[in-house]
Each structure stands twice: as structure tokens, then as C-alpha cells.
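Architecture at a glance
Listed below are the residues making up each chain.
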There are 2 protein chains.
Amino acid sequence: MTTLAASWLPLSPGERAVAIEVLTHGPLSRSELARRLDLSAGSVTRLTKPLIESGLLVEVADGATLAEVRQGRPSQPLDIVAESRRFVGFKITQDMVYGVVTTLRSDIVARRDRPLAGLDPDEIVDVLRELTDEFERDFPGLAGIGIGLGGRAHDRSVVDESAFLDWHDVPLGRLVEERTGLPVVVENDVAALVEAESWFGAGRGLDRFAVLTIGAGIGYALVIGGKRVATAEDGVGYGRFWIVNPNGPLTPDGQRGSAVSLLTIPNIRYQVQAATGQDLSYEEILTLAAAGDPMPSRVIDEAARALGTLVAQIANFAMPQKILLAGEGVGLVDVAAPAIEEAIRANRHPRAEPVNLETKVSDFHDWARGAAVLAIQVLVLGGVEA
Amino acid sequence: MTTLAASWLPLSPGERAVAIEVLTHGPLSRSELARRLDLSAGSVTRLTKPLIESGLLVEVADGATLAEVRQGRPSQPLDIVAESRRFVGFKITQDMVYGVVTTLRSDIVARRDRPLAGLDPDEIVDVLRELTDEFERDFPGLAGIGIGLGGRAHDRSVVDESAFLDWHDVPLGRLVEERTGLPVVVENDVAALVEAESWFGAGRGLDRFAVLTIGAGIGYALVIGGKRVATAEDGVGYGRFWIVNPNGPLTPDGQRGSAVSLLTIPNIRYQVQAATGQDLSYEEILTLAAAGDPMPSRVIDEAARALGTLVAQIANFAMPQKILLAGEGVGLVDVAAPAIEEAIRANRHPRAEPVNLETKVSDFHDWARGAAVLAIQVLVLGGVEA
DNA sequence: CCTATTGCTTCCGTAGCAAAATAAAAAATG
DNA sequence: CATTTTTTATTTTGCTACGGAAGCAATAGG
């Protein structure tokens, strides 16, 4: 199966488009593919033939799946052989490495985490090698590794700069390739998550798609025509200068009243501690706010209004078809949804389309999965530019 | 010349791409065209041949133009015969119709305005007919008419709704076609201005381009990949709910502290009048502010900070390569540029790319020119979807 | 006069579409 | 119930447009 997979690589642009469409949008018949890709039926026949012969696609019996009885010749759905290759994804945080193994479809089939003793490149590469070895025992023939971390990367390989690791110009891709013998893709963690959502998640098939992540920091990305718009700010931390409320709180991070000050987990905890003296966890703060405890309620309510304002501004100015809220800090939405909606309403024209907002609480394995998706994109289908 | 022009219409997609590139980016050699359009040299030869034979393109002698002496066979620039067709553009305001005649390149060759007695569709159509007749006398063989107005239009023909004219579902395109015998294109005025800037102005060749207009109201448009992103808000007035400063002034239009309240000409005049009792013109207010008169200075300074904040938010969230400020109300920029820049800086990451901001004071003839460009796009080159 | 360089043209193989042909099922008809 | 018609899916078949390679054209520099 693995040797066969090697013959996938040289895909023509047309073949790649077909493969990606089937990969990201479940089983599809040839005629459905023709409609989605704006190809003629004839071209689809021509393009799918070699893909089926090479084993990347298979004709699946629809039978039970299609409940609806339609007229005409029944379609013959094509599907990708998702189990044929496995990918590893890692997310590196300050104190842990989170790892997952996924299929071609990015379904997670295994998880494995490890605490970090130190942040030296060598130590971290060692941990990655150990985890990869353990994964390899359970899933022989791994196809490649994706690594996501907070910071800037270039060429899908070198970490230019990562503040929380205190790294500069670390050729992480090469180091891990040398130790594991597997191809490696390195990327900023938000970029990786965005790619995953863009191919397999909330952004599937959309032309304009925005992602806002809330966690230790703020992340933002705009995907247009399937490509994330790259900016000079990537990886240096968004939101420190998004002044949502000039009279807002001043915190150790970010400008007064900035998105970072108002919304990130450390700064919400800081605000509550400054006001009450208690050092509470984010979850405790949310619980207290939901119960109506005044100080946490005030902080959470202000955060909710800030979030709603930001969402409205993104909708007003970037005009995405959908906005995805992700990260560990979106628990806020469960507790304070009305305040968020109220703030969106106040900052948006009543005749404008309602904001298509989706919330996805992401744990660290979701970030690791994003890195695995990047590996899938780059290693299997090739040609996805940085 | 005009009969010949009729043979232009059936352009293949490739031919159209070549024609548009030459039209919007001056004379270009075949090899330059190949580079810009990502075509092979052979294809360019094939595509240009019929365009030259039909008379749309001509080979121009470069000789003097190319000062630089290069090696190799000299290139043979191709240019479009801009003078071969004339287009009419109209901008309808509450009390005037502004008209222009342009070449294919959208250069204005004549202007003609007329005050409006009433706002009935019939009356306005009459005025448009009269102006068109006068233009036709000077430039026989006009190719078509573009009309821009504040409001919503569909199918480039029917005005769904225009608040300032109190129109609903007026088939303006058909009415004017019946009276003038010329093909007519009707569009929202901001959309028309954006198309003009996108083809011939600040947005030429850019992939992501934002336009913010300030005048009687606020206009906003985002152009991605050469196409303006359409929204449900188009034509109903942007900025009434863009709350820039929750503690800002309350005015007859817009929410408290909204972009409309802070920035539009009528609301700036209202603020100054409310504070000083004097009914000053916008220009007078700018002059007084520049001279340091306290009340106008306060209002203009607050407007400048609001504008800077908006520009920063657009840059942060929509990530355009350039932002164009246009409209009658951008005189603000001359008087209060430092305050605007300061506000941009305060709302944007210091490591982000500097905002590529261009200001263009637009009079009503520029709006009319925009409408003419729309006519060029739709009538001559065809196939530019709404 | 020769070579290098750049621009344009010619020619051929391929990838795409459109339309016709074929396939397979449901619905209509006698 | 058998047969025809309709509908939808796929394959086959010409035709067209594009890219690539080779060739021709026109200039600069030696």
C-alpha cells in the first residue's frame, strides 16, 4: 500500500483538483464532480481513470447510502482510500507536545502527548522523535509529519522566530527529518489550523472565510479562494493593537482595551485577579460568571461585547461568508452568547446579511491535527504553495 | 469606425483578457503580455492577430518612447485604439445630473451638467436624453451610456430602491434605452466608481483592494481578484452602524459615534452648527480647523481619528494591498493627516506592513466617469458579470 | 562577420469542452 | 405485464485553445 502510494505524486493539475475535491467532500459521483469543478463530464472520466487505476480512488457501492430513489442511471460514487496512508501532526506548546496520527481524511486515529522538560531545539526534537517512534510501532509506514507552533516559519521548514520558545532561525524541519527519516512540514500553528478548517472543516468549499482564535493569544486569518492571505503580522501575535474599547482595562499584555487585553485567557484571569485578589482558572471564572458572581460577570460581559464587536468588524470589512471562532478561549461563547450577539447587532447594519458565525472549541489535539493536514497537503498532493 | 467596432463584440475569453490588459495597462509588447497574462508567446501571437485585423489593437512605433537601449530584437508594442468609441457616463444627485463623455481608456473628453427640477423618473430620463443628444451632436456614434446613482440596482438596469430619489423598482435602463436608442448600464454609484478605479485607477492590477468613500454618506467596497464583493448592504448606506467611538457625537444620521456621524459632510456640518450656532460649509469648516479655530478643530480632529481607526480596521481585517479614500469629503486628509496617521498607528501592529493608503478627491464628474467605465466593461468587452 | 540576446512566429502534442452515443434505471403507456 | 419514453450517468468522439520547442527576425557587442 505504501509503495503504491508513491505513484500518486505526479498528479496533473486536473487530477489534483479531482483528488482534493473527493478528499475534502466525501464520496462524489463523476457527474457531481463535473458540476463542482466546472469540468465537462468527459474530462472527469478522463481524469478519474488513472486515479482509479493507481488505487487512489475507488468506486464505492452506494446502495444503502443513497436513500432517495431517483430516476435515471444511478450514479457511481468515487471515494478516496483514506486508510492508505497515515500522517503525524504535532503541536508544540510551552510545556507539552501534543501528537496525533490521522488518515488521509484527517480523522484522528491515535493521540500521544508528552511533557517538555526544556525548550532547547535538541530536547524538543528528541521528544518528537520518541513520539514518532511510538506512533510508527502502532502504524508502520507513516507518510510524513506536520509540526505547528506559535511563531513565524518560512519554507514550511525553518522557524524564523518563536517568542515562547525563544527560538531564532531554527531549521526544525531538517532536524526532525534527520532524526526520523520522514518528510516534515513546519508551520505557524494558526496557519495550520486554518488550512485544516479550510479543507476539512468549517471553511470547506467557501471562497472567503475568516478564522479568529482565542487562547493564550489572539489569532486571525483570512482565507480567500482557498488560500490564506499572508501578512507581516503572522506569528508575531494579532490583536495587541486592535483597540476595541479605548476605555477598556489595562493589562500586562496588549494596549489598553485591546482585543488581547479583553479576550485572551491570561488577561481575563489577570483582570479577575486584579479585581478580586483570587487566582482563578479560566473555567472557574466562566462558571462563576454564569452563576452571576458580579466581578467575573463584569469581566466576561466586557469580553463578550468586545468579541461581538470584533466579529462585526470582521464581517463589515472583510465580508467573509463565514467566521470561525476557535481556540481554548471560546468557552466564553457558551456563557455569554446574548451579549456577543447584542454587540454584533449594534455594530452591523440591520439589512446586512446575518453573520455566519461558527464556534469550535479546540483542544490542543485539534491544533496537532491542523499540522497533520498541512503534511497531507504538502506531501501527498504536492504543489500547495506556502 | 463605428461599424467596424461592432465586429469587436464576440471576443473569446483569451482575446478579452488581452484586450483588457492592453486597455488598462497602456501599450504592451506581445512578450510583456505573455508574462502578465501567464500565456505562452505563441498564444499571444494567435490572440492578438484577429484583434489587430479587426482594428481594436494597433502596433505602435515605440522608437522615442523606449529610451532604454536593450539588446535583442526590439519589441513591438500594441496599443488599443482608444479614440475609436465614445461612452457617456452620468451621475445623478439630488439636484444635478453630471455627465461626461470618455474614450475607451476612460479619458474624459467632454463634461456637461444640468440642474434637476424634479426627481420623477420621467423628468430625469428627459434630462438624460437632452444631455445625450447634446453629446451626440459633438461626438456622433456614441457607443453606450452608464448611469450611477446612490441606491440599489440589479441586472445593471433596474433601480430597486433609491432613498434620495424616493424610487422603487424603476426600470431606468430600459427607459433611457427607449429614449436614446443607445445601450444603457445602470449601477450603484460607489460600485461604478470602484470599477473605474479597479480598471484604470488606484486598484489597477491589484488582487485585494478596498475603497472607502466619504461624502454625503459613507461608501465601502472590497475588490478581490478584480471583482467587487457584493453584499446585502450595498446601496443602503454603509457606516451607520460602524461604531468607531461609543462616546462620540450623536447626530441626526447614524448611531452615536458611528462612522456616518463622525465623518460625513452633513454630520460634520451639523456638529459644528450644534456647537457654534454657525451654519458653515464643509470647506469653511476645514479652513477654520486648519487655522486652529477651536470648535471646528475639535470636530475635524475627532473625524480624523475616526478615519484613521477605520482605515486601520480595514487593513487589519480585510488585508487589502491598497486602500483608496475617495469622495467629496476627503479634504479632511489635507487638513488632518497627522491625526489620521496617528490613529492608524495606534490601531495596528508596529510590525504589520504599513497601510498603503491613497487619497483621491473626487468631484461628481469622477463619479460620472465611473459610470462610463461600467458601460465600457459591459458593452464593449462584454461578459463582465454583475 | 560572428555570437549572444531578445521578440515574435510556426508547428505539434495535449487537455479541455461540446455533442453524440451508450448505459441504466424509473415512469408512463398500451 | 411488456414496451416505450423519460431521465440521469457515463463514455466516446471530434474540435479548439493552450503550452512547449524549434525556428526566424532584429538588434547589440565583440
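Residues numbered from 1 in each chain as written. Chains lettered and ligands numbered in written order. Predicted model: local features only at pLDDT ≥ 70, side-chain atom pairs only at ≥ 80, totals over all residues.

1. Focus on the sheet that holds strand β9 (residues 167-170) of chain B
The strands that make up a sheet pair up through hydrogen bonds in the backbone, lying either parallel or antiparallel. All names here are of chain B. On the basis of which strands lie adjacent, the open sheet formed by three strands has the order β7-β8-β9 and antiparallel pairing. Only two strands of the sheet have a single partner each, and these edge strands are β7 (152-154) and β9. Within the sheet, the average angular offset between the axes of one strand and its neighbour, ignoring direction, is 20°. (Pairing = 2+ DSSP bridges. Helix = DSSP H or I, 4+ residues; strand = E, 2+ residues; numbered from the N terminus. Axes fitted to C-alpha atoms, helices over the stretch in contact; angles between N-to-C directions.)

2. Quick notes on the domain arrangement of chain A
By domain assignment, chain A separates into domain 1 (2-83), domain 2 (85-195 + 366-381) and domain 3 (204-361). For domain 1 of chain A and domain 3 of chain A, the distance between their C-alpha centres works out to 40 Å. (Domains from an automatic or database assignment.)

3. A short note on the sheet that holds strand β4 (residues 96-102) of chain A
Residues and elements named next belong to chain A. Reading across the sheet, the five strands line up as β5-β4-β3-β6-β10 and stay open at both edges, with mixed pairing between neighbours. Whereas interior strands pair on both sides, the edge strands pair on one side only; in this sheet they are β5 (108-115) and β10 (184-188). Each strand axis lies, on average, 20° off the axis of its neighbour in the sheet, ignoring direction. Judged from the six bridges that link them, strand β3 (residues 87-92) and β4 form a sheet pairing that is antiparallel. By the bridge assignment, Lys-91 is partnered in β4 with Tyr-98. Across the sheet, helix α5 (residues 121-138) lies against β3, β4, β5 and β6 (144-149), angled at about 145° from β5, the strand it touches most. Packing of helix α13 (residues 364-381) onto the sheet brings it into contact with β3, β4, β5, β6 and β10, and relative to β3 it is tilted by some 135°. (Contact = placed C-beta atoms within 7 Å.)

4. Brief notes about the protein's contact with DNA strand C
Neighbouring residues of DNA strand C: 27 residues in total, closest Gly-14, Gly-42 and Ser-43 of chain A together with Gly-42 and Gly-72 of chain B. Those elements that provide at least two residues to the surface near DNA strand C are α2 (13-24) and α4 (41-54) of chain A together with α3 (30-37) and α4 (41-54) of chain B. The dominant element in the surface near DNA strand C, judged by the number of residues it contributes, is α4 of chain A, at four residues. When its residues are assigned to classes, the surface near DNA strand C shows seven nonpolar, 15 polar and five charged. (Near = placed C-beta within 6 Å. Nonpolar A, V, L, I, M, F, W, Y, C, P; charged D, E, K, R; others polar.)

5. So, the interface of chain A and chain B
Taken together, the contact pairs 25 residues of chain A with 25 residues of chain B. Mapped onto the side of chain A that touches chain B, the elements with two or more residues apiece are β12 (218-224) and α11 (294-318) of chain A. Looking at the side of chain A that touches chain B element by element, the count peaks at five residues for α11 of chain A. Of the residues contributing to the side of chain A that touches chain B, the split by class is 14 nonpolar, six polar and five charged.

6. Quick word on the pairing of strand β14 (residues 322-327) of chain B
All names here are of chain B. Burial within β14 is extensive, with five of its six residues counted as buried. Here strand β11 (residues 208-214) runs beside β14; their pairing, made up of five bridges, is parallel. Looking across to β14, one finds that Phe-209 is bridged to Lys-322. When β14 meets strand β15 (residues 357-361), the two strands line up parallel, connected through five bridges. Looking across to β15, one finds that Ala-326 is bridged to Lys-360. (Buried ≥ 20, exposed ≤ 12 C-beta atoms within 10 Å, placed from the backbone.)

7. Side note on the packing of helix α3 (residues 30-37) of chain A against α4 of chain A
Residues and elements named next belong to chain A. Running from N to C, α3 and α4 point in directions that differ by 115°, and their axes come no closer than 9 Å. Here α3 lies roughly perpendicular to α4, going by the angle between them. As α3 runs across α4, the sense of the crossing is right-handed. Contacts between α3 and α4 involve Arg-30, Ser-31, Leu-33 and Ala-34 from the first element and Ala-41, Val-44, Thr-45 and Thr-48 from the second. For the contact of α3 with α4, a count of residues per class yields four nonpolar, three polar and one charged. (Parallel < 35°, antiparallel > 145°, perpendicular 65-115°, else oblique. Left-handed = near helix turned anticlockwise from the far one by under 90°.)

8. Overview of the relation of the copies chain A and chain B
Rotating chain A by 180° and moving it 0.1 Å along the rotation axis overlays it on chain B with an RMSD of 0.1 Å. In short, the pair behaves as if placed about a two-fold rotation axis. Minimal C-alpha separation from the rotation axis in chain A is found for Ala-318 of chain A, amounting to 2.0 Å. The residues that chain A uses at the interface reappear at the interface of chain B in 100% of cases, marking a shared surface. (Least-squares fit on C-alpha atoms with pLDDT ≥ 70 in both.)

9. Overview of the packing of α2 of chain A against α4 of chain A
All names here are of chain A. The interhelical angle for the contact between α2 and α4, taken along N-to-C directions, is 80°, at an axis separation of 9 Å. When the interaxial angle is binned, α2 and α4 end up roughly perpendicular. In contact with Gly-14, Glu-15, Val-18 and Ala-19 of α2, α4 contributes Ser-43, Leu-47, Thr-48, Pro-50 and Leu-51. For the contact of α2 with α4, a count of residues per class yields five nonpolar, three polar and one charged.

10. Thoughts on the environment of Val-184 of chain A
Residue and element names in this part refer to chain A. Tracing the backbone shows Val-184 in strand β10. Residues Val-184 and Arg-174 lie ten residues apart in sequence; the distance between their C-alpha atoms is 7.6 Å. If we skip the residues at most four places from it in the chain, Val-184 touches Gly-144, Ile-145, Ile-147, Gly-173, Val-176 and Glu-177.

11. Quick word on the confidence of the model for chain A
Scored by pLDDT, chain A comes out at a mean of 91, with 94% of its residues at no less than 70. Scored below 50 in pLDDT, residues 1-7 of chain A makes seven contacts in the model with residues more than four places away or belonging to other chains. (pLDDT = per-residue confidence, 0-100.)

12. A look at unusual backbone geometry
Residue and element names in this part refer to chain A. Despite not being glycine, Asp-169 has its phi angle at roughly 50°, a positive value. Locating Asp-169 in the fold gives a position in strand β9 (residues 167-170). Taking the C-beta count within 10 Å as the criterion, Asp-169 has 9 such neighbours and is therefore assigned exposed.

13. Some remarks on helix α12 (residues 331-346) of chain B
All names here are of chain B. For α12, with 16 residues, the first-to-last C-alpha span of 22 Å sits near the 22 Å given by 1.5 Å per residue. Maximum bend of α12: about 85°, positioned at Ala-337, with proline Pro-338 one to four residues after it. Looking only at α12, the buried set comprises Leu-332, Val-335, Ala-336, Ile-340, Ala-343 and Ile-344. As for α12, its buried residues are in contact with α10 (282-291) and α11 (294-318). (Expected span 1.5 Å × (residues − 1). Bend = angle between axes of the 7 residues up to and from the residue.)

14. Quick word on α4 of chain A
Residues and elements named next belong to chain A. For α4, with 14 residues, the first-to-last C-alpha span of 20 Å sits near the 20 Å given by 1.5 Å per residue. Taking the largest bend as the criterion, α4 deviates by roughly 25°, centred on Thr-48, and proline Pro-50 comes between one and four positions later. Residues Val-44, Leu-47, Thr-48 and Leu-51 constitute the buried set of α4. The inward-facing, buried residues of α4 abut α2, α3, β1 (57-59) and β2 (78-80). Backbone geometry just after α4 places Gly-55 at a positive phi near 95°.

15. Some thoughts on the protein's contact with DNA strand D
The full set close to DNA strand D counts 26 residues, and Gly-42, Gly-72 and Arg-73 of chain A together with Gly-14 and Gly-42 of chain B are the nearest of them. Secondary-structure elements contributing two or more residues to the surface near DNA strand D are α3 and α4 of chain A together with α4 of chain B.

16. Let's talk about the pairing of strand β12 (residues 218-224) of chain B
Residue and element names in this part refer to chain B. Buried residues dominate β12, accounting for seven of its seven residues. Covered by surrounding structure in β12 are Ile-218, Tyr-220, Leu-222 and Ile-224 together with Gly-219, Ala-221 and Val-223, the residues of both alternating faces. Pairing between β11 and β12: seven bridges, direction antiparallel. Pairing of Arg-208 across the sheet is with Ile-224, part of β12. Linking two consecutive strands that pair antiparallel, namely β11 and β12, is a turn of three residues. The pairing of β12 with strand β13 (residues 227-228) spans two bridges and is antiparallel.

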